[in-house]
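Close look at the chain arrangement
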Amino acid sequence: MSGAAAALLAVALAGCAGWGGGGGGSSDANSIDVLMVNNPQMIDLQNLTADNFTKQTGINVNFTVLPENDVRDKISQEFSSQAGQYDIASLSNFEIPIYAKSKWIAPLDTYVAADTAFNQADILPPMTKSLTADDNKLYGEPFYGESSFLMYRKDVLDAQGIQMPAKPTWQQVADIAAQVDGKQPGMAGICLRGQPGWGQIFAPLTTVVNTFGGTWFDADWNARVDAPEFKQATQFYVDLVRAHGEVGAPQAGFTECLNNLIQGNVAMWYDATSAAGSLEAADSPVKGKMGYVAAPVVKTQSSGWLYAWSWSIQQASKKKDNAWKFISWASSKEYEELVGSQLGWSKVPAGKRASTYENQDYLKEASAFAEPTEQAISSADPRNPGVQPRPAIGIQFVDIPEFTDLGTQVSQYVSSAIAGQMSVDEALKRGQRLADDVAERYRSRENG
């Protein structure tokens, strides 16, 4: 569901050992317990905490660090029971509004108001909006964020005399994919995720649905999975990847597409902005060859998704003040400067603050993709991502607990359509039945 998936692979084995180990719930008033995902940015944070945050504040931080699936399960169990074992957890903008509605996490507004040095106004507005619940209170602060954009090989397009528009339409992208497909040996026109999973194929595909004018549910909780707009978007996506996409598309997720682009197997890729760091890494064969433009559109002005690993405080925590001090430090401009100076600017947890994209040291390292990334995040609207009102927040997902199961089941049908095992019509007909069941439950609740 995030560009962090590739980076997770590098630390997955270490994470299985449960970095930081402890079970949480320290009785020491000057310590807090943090439960977080084991991606590299978080590991950097763990390594920098004692010599910086603890030295400055006297607050010890006990970390429990786990792989993504494991940490989601553990956070869900911990916060739903309100056991109070952990003060802080790393949550995404998918979980935070749901947890807030269940009163599992604490609002942060009073802390933000009192901590003027944190400078909430510097947090990119779509991030703040995505971490604000229906009660208009803020429940999370982003550690780093991402949107989505189109990545392409400038040299390959140049060789064919093709100019990539700064804001392409999906039809323009499809036309370019057809023109460059096979022009270099073994190089397909485009990579698009086909791997089943609500956070795999439906991360990009739901943004395509949005800009084609579709939606999973309308404002009155009517399922619209087999509506003409949803069907047109899905048919377009399936046809494009089948005609000009990567080899093995039904099994291709973020990591596979990243590898395909780095290895010269595809000319374009629509996916997470966070991928650009890998493409522009010092040892990348495509460093300096890439161009980055806005997520393709049809009916909307923009269509990039929005995702953020963020910090929230458990409602049952008895150490909320110290928990906020940690969050304020970990999500601060000063922390980004610490990472840049000690670990290198390419490791900065970016994508959350406007000031990051004014920092000349960061821009030197990220000049190829910094501006398109900032524009993609700034133009994302998690409450109005399409052409019609929605019953729940979310761009590449519908922010309800049932979506993880619904999206995953429907994704299996669409992946089968990419594999040629069923038609798009049949895939979405089956998906509509599943979505109808979810919609009926929500209509019943609203009708009392």
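Here, every reference points to the structure presented above.
Just so you know, these numbers come straight off a predicted model, no measurement behind them. (Residues numbered from 1 in each chain as written. Predicted model: local features only at pLDDT ≥ 70, side-chain atom pairs only at ≥ 80, totals over all residues. Heavy atoms only, no water.)

1. As for the pairing of strand β1 (residues 31-37)
Selection criterion: When a residue's accessible area, from a 1.4 Å probe over protein chains only, is under 20% of the maximum for its type it is buried; when over 50% it is exposed; and in between it is partly exposed. The secondary structure listing takes helices from DSSP runs of H or I that are at least 4 residues long and strands from runs of E that are at least 2 residues long, numbered from the N terminus. A pair of strands counts as paired when DSSP detects no fewer than two bridges linking them. Note on handedness: a crossover is taken as right-handed if, strands pointing away from the viewer, the path from the first strand over the helix to the second is clockwise.
The buried fraction of β1 amounts to 7 of the 7 residues, a majority that puts the element mostly inside the structure. Taking every second residue as pointing to the same face, both faces of β1 are buried, with Ser31, Asp33, Leu35 and Val37 on one and Ile32, Val34 and Met36 on the other. Where β1 meets strand β2 (residues 60-66), 7 bridges bridge the pair, whose relative direction is parallel. Bridge pairing links Ile32 to Val61 in β2. Between β1 and its parallel partner β2, the chain crosses via helix α2 (residues 40-57), and the hand of that crossover is right-handed. The pairing of β1 with strand β3 (residues 88-92) spans 2 bridges and is classified as parallel.

2. Here we look at the pattern of salt bridges
Test applied: Definition used for salt bridges: Asp or Glu carboxyl oxygen within 4 Å of a side-chain nitrogen of Lys or Arg.
Applying the stated criterion to the full structure yields 12 salt bridges. Its salt-bridge partner being Asp155, residue Arg153 comes within 2.8 Å of it at the nearest N-O pair. Judged by its relative accessible area of 6%, Arg153 is buried. Close ionic contact of Glu336 with Lys352 constitutes a salt bridge, the shortest N to O distance being 2.7 Å. Taken together, the residues span a long stretch of sequence, with Glu336 in helix α14 (residues 333-343) and Lys352 in the loop between α14 and α15 (360-365) at a distance of 16 residues. The two residues Glu336 and Lys352 agree in class, both being buried. One network of salt bridges, in which partners are shared, links Glu68, Arg72 and Glu95.

3. Considering the environment of Lys299
Applicable threshold: Two residues form a contact once any of their heavy atoms are found within 4.5 Å.
Among the secondary structure elements, Lys299 is positioned in the loop between β7 (290-294) and β8 (307-313). Taking the C-alpha atoms as reference, Lys299 lies 5.2 Å from Thr211; in sequence the two are 88 residues apart. Excluding residues that lie within four positions of it along the chain, Lys299 makes contacts with Thr211, Phe212, Gly213, Glu229 and Val387.

4. Some remarks on the state of the cysteines
The term disulfide refers to a covalent linkage connecting the sulfur atoms of a pair of cysteines. This is how it is decided: For the purposes of this analysis, a disulfide is any pair of cysteine sulfur atoms at a distance within 2.5 Å.
Using the criterion set out here, one finds 1 disulfide in the structure. The disulfide bridge from Cys191 ends at Cys257, spanning 2.3 Å between sulfur atoms. Taking the torsion about the S-S bond as the criterion, the Cys191 to Cys257 disulfide, at about -80 degrees, is left-handed. Remark: Cys257 occurs in helix α11 (residues 254-262) and Cys191 occurs in the loop between α8 (170-180) and α9 (202-211); sequence separation between them is 66 residues.

5. Focus on the side chain of Ser328
When you line up the elements, Ser328 lands in helix α13 (residues 320-330). Setting aside its immediate chain neighbours within four residues, Ser328 contacts Asp115 and Phe118.

6. Quick word on unusual backbone geometry
Phi at Gln82 takes a positive value of approximately 50 degrees, unusual for a residue other than glycine. Along the polypeptide, Gln82 turns up in the loop between α3 (68-81) and β3. A relative accessible area of 24% means that Gln82 is categorised as partly exposed. The phi angle at Asn136 is positive, at roughly 65 degrees, despite the residue not being glycine. For Asn136, a relative accessible area of 65% puts it in the exposed group.

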